Amino acid sequence: YSPSIVYVDGTNGNDTNNGLSRSDALKTIQKAVTTNAKSILVREGIYEPFTMTNKSGMIISIDHYYDTYTVTSDEDNPKVVIDADHSNNVGITATNCNGITFECIEVKNANVSGFHVEKCSKINFIDCVAHNIYKTSKDATSFGFRFISADADLYNCSAYNIGTETVGTGMYDCDGFNIHTTGTANLYNCSAYNCEDD
């Protein structure tokens with residue numbers, strides 16, 4: 001049995017809850033992913049990185065019921081924020097997935113990649129952002145959105161401040177959007193700045 005909707009609330013939720021209502025929400029997105037719910041609705045706020053493997057037909061998006069959380073002054077709309085806190089290499093990892101949609105998700109402070117998508121098909125990103133992605137060393141590379149053997153469509157997404165090994169130097173030299181091996185990534189009204197390539 002896979003529920004149609006699971007709710008996540010990083011402030012008031014608990015991973016021992018069933019997640020089937022806002023009053024019984026889960027605490028982490030990672031726990032919600034294990035339920036195989038078709039739709040994961042996440043309250044605005046800051047969350048830990050998570051991974052998805054062998055998942056299909058799932059939407060992870062902001063719970064628009066809440067409208068009070070402000071991410072930062074430079075973001076027009078509230079988002080679900082994945083903060084890698086300079087201690088995780090990747091914010092969100094999807095491997096061998098099909099038909100996954102990410103909506104209104106912001107990833108920051110990862111050491112290698114904001115979003116890492118590998119061997120996936122029909123992956124959609126809507127109003128997603130990757131920024132302040134750092135490098136593990138001077139000669140390393142880092143990415144806002146990285147696709148390896150994956151098919152994806154991106155709508156209104158952005159990547160910025162990608163690829164510095166020292167926080168605050170203002171020197172960025174890696175990829176906002178990185179596409180490798182077979183697969184196609186289509187970008188619609190997307191932008192990247194403070195990146196080497198795009």
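**Thoughts on the overall build of the protein**
Here's step 1: Secondary structure assignment for the protein yields one helix and 18 strands.
Here's step 2: Put simply, the protein has 198 residues, and 48% of those count as buried.
Here's step 3: Long-range pairs, those at least 24 residues apart, make up 57% of the contacts in the protein with a sequence separation of at least 6.
Here's step 4: Put simply, the protein shows about 9,200 Å² of open surface, and 44% of that area lies on carbon and sulfur atoms.

**Some points on the packing of aromatic side chains**
Here's step 1: Under the definition given, this model contains nine aromatic pairs.
Here's step 2: Note on phenylalanine 125 and phenylalanine 147: the rings are 5.8 Å apart at their centroids and 70° apart in plane angle, and the pair reads as edge-to-face. With phenylalanine 125 in strand β11 (residues 123-126) and phenylalanine 147 in strand β13 (residues 143-148), this residue pair connects regions lying 22 residues apart in the sequence. This pair shows no difference in class: phenylalanine 125 is buried, exactly as phenylalanine 147 is.
Here's step 3: One aromatic cluster is present, formed by Phe102, Phe115, Phe125, Phe145, Phe147 and Phe177 through successive ring pairs.

**Examining the sheet that holds strand β12 (residues 129-134)**
Here's step 1: The six strands lie next to each other as β3-β6-β9-β12-β15-β18, forming an open sheet whose pairing is parallel. The open sheet is flanked by β3 (45-47) and β18 (191-193), the only strands paired with a single partner. Geometrically, the sheet is characterised by an average inter-axis angle of 20° between neighbouring strands, direction not taken into account.
Here's step 2: As defined by bridge partners, β3 adjoins strand β6 (residues 80-83) across three bridges and the pair is classed as parallel. When the bridges of β6 are listed, tyrosine 47 appears paired with isoleucine 82.

**Details of the environment of isoleucine 148**
Here's step 1: In this fold, isoleucine 148 is placed in strand β13.
Here's step 2: Looking at isoleucine 148, the relative accessible area reads 16%, which means it is buried.

**Here we look at the pattern of salt bridges**
Here's step 1: In this structure the tally under the stated criterion is two salt bridges.
Here's step 2: Residue aspartate 9 is joined to arginine 43 by a salt bridge in which the shortest nitrogen-to-oxygen separation is 3.4 Å. With a gap of 34 residues between them, aspartate 9 in the loop between β1 (5-8) and α1 (29-34) and arginine 43 in the loop between β2 (39-42) and β3 connect regions that are remote in the sequence.
Here's step 3: Residue class for aspartate 9 comes out buried when judged on its relative accessible area of 4%.
Here's step 4: In this structure, the salt-bridge partner of aspartate 63 is arginine 22, at a minimum N-O distance of 2.9 Å. Within this pair, whereas aspartate 63 is found in the loop between β5 (56-62) and β6, its partner arginine 22 is found in the loop between β1 and α1, the two being separated by 41 residues in sequence.
Here's step 5: In this structure arginine 22 comes out as partly exposed when scored by relative accessible area, which is 31%.

**Looking at the side chain of lysine 108**
Here's step 1: Mapped onto the elements, lysine 108 comes out in strand β9 (residues 105-108).
Here's step 2: Buried lysine 108, no salt bridge; nearest opposite-charge side chain is aspartate 83, N-O distance 4.4 Å.

**As for the pairing of β9**
Here's step 1: The side-chain alternation of β9 yields two buried faces, one formed by Ile105 and Val107 and the other by Glu106 and Lys108.
Here's step 2: Summarising the sheet, β6 and β9 pair through four bridges and their orientation is parallel. What sits directly across from aspartate 83, in β9, is lysine 108.
Here's step 3: In this structure, β9 lies alongside β12, joined through three bridges in parallel fashion. The residue bridging glutamate 106 from the neighbouring strand is valine 129, located in β12.

**Structural notes on the confidence of the model for the protein**
Here's step 1: Scored by pLDDT, the protein has a mean of 88; 87% of the residues are at 70 or more.
Here's step 2: Note that pLDDT drops below 50 for residues 71-75; the model gives that stretch eight contacts with residues more than four away or on any other chain.

The rules we used
Just so you know, the residues in each chain are numbered from 1, in the order the chain's sequence is written. It should be noted that, the model being predicted, local features are given only for residues of pLDDT at least 70 and side-chain atom pairs only at 80 or more, the latter also being counted only at that level, while totals for whole chains, interfaces and linings use all residues. To obtain the side-chain values, all non-hydrogen atoms of the structure were used and water was disregarded. Elements are defined by DSSP. Helices are runs of H or I of four residues or more, strands are runs of E of two residues or more, and each kind is numbered from the N terminus. Exposed residues in this analysis have more than 50% of their type's maximum accessible area, buried residues have under 20%, and partly exposed residues fall in between, with area computed by a 1.4 Å probe over protein chains only. Here, two residues are considered to be in contact whenever any of their heavy atoms come within 4.5 Å of each other. Computed with the Shrake-Rupley method and a 1.4 Å probe, the accessible areas treat only the protein chains shown as cover for residues. In this scheme Phe, Tyr and Trp rings, the latter by its six-membered ring, pair at centre separations within 6.5 Å, and the angle between planes marks the pair as stacked below 30 degrees, edge-to-face above 60, and tilted otherwise. We treat two strands as partners when DSSP finds at least two bridges between them. The axes are straight lines fitted to the C-alpha atoms, using for helices just the contacting stretch, and the angles between their N-to-C directions are given from 0 to 180°. By salt bridge we mean one thing: a side-chain nitrogen of Lys or Arg within 4 Å of a carboxyl oxygen of Asp or Glu. A residue counts as positive if it is Lys or Arg and as negative if it is Asp or Glu; His and the chain ends are not included. Per-residue confidence from the prediction method is given by pLDDT, with values spanning 0 to 100.

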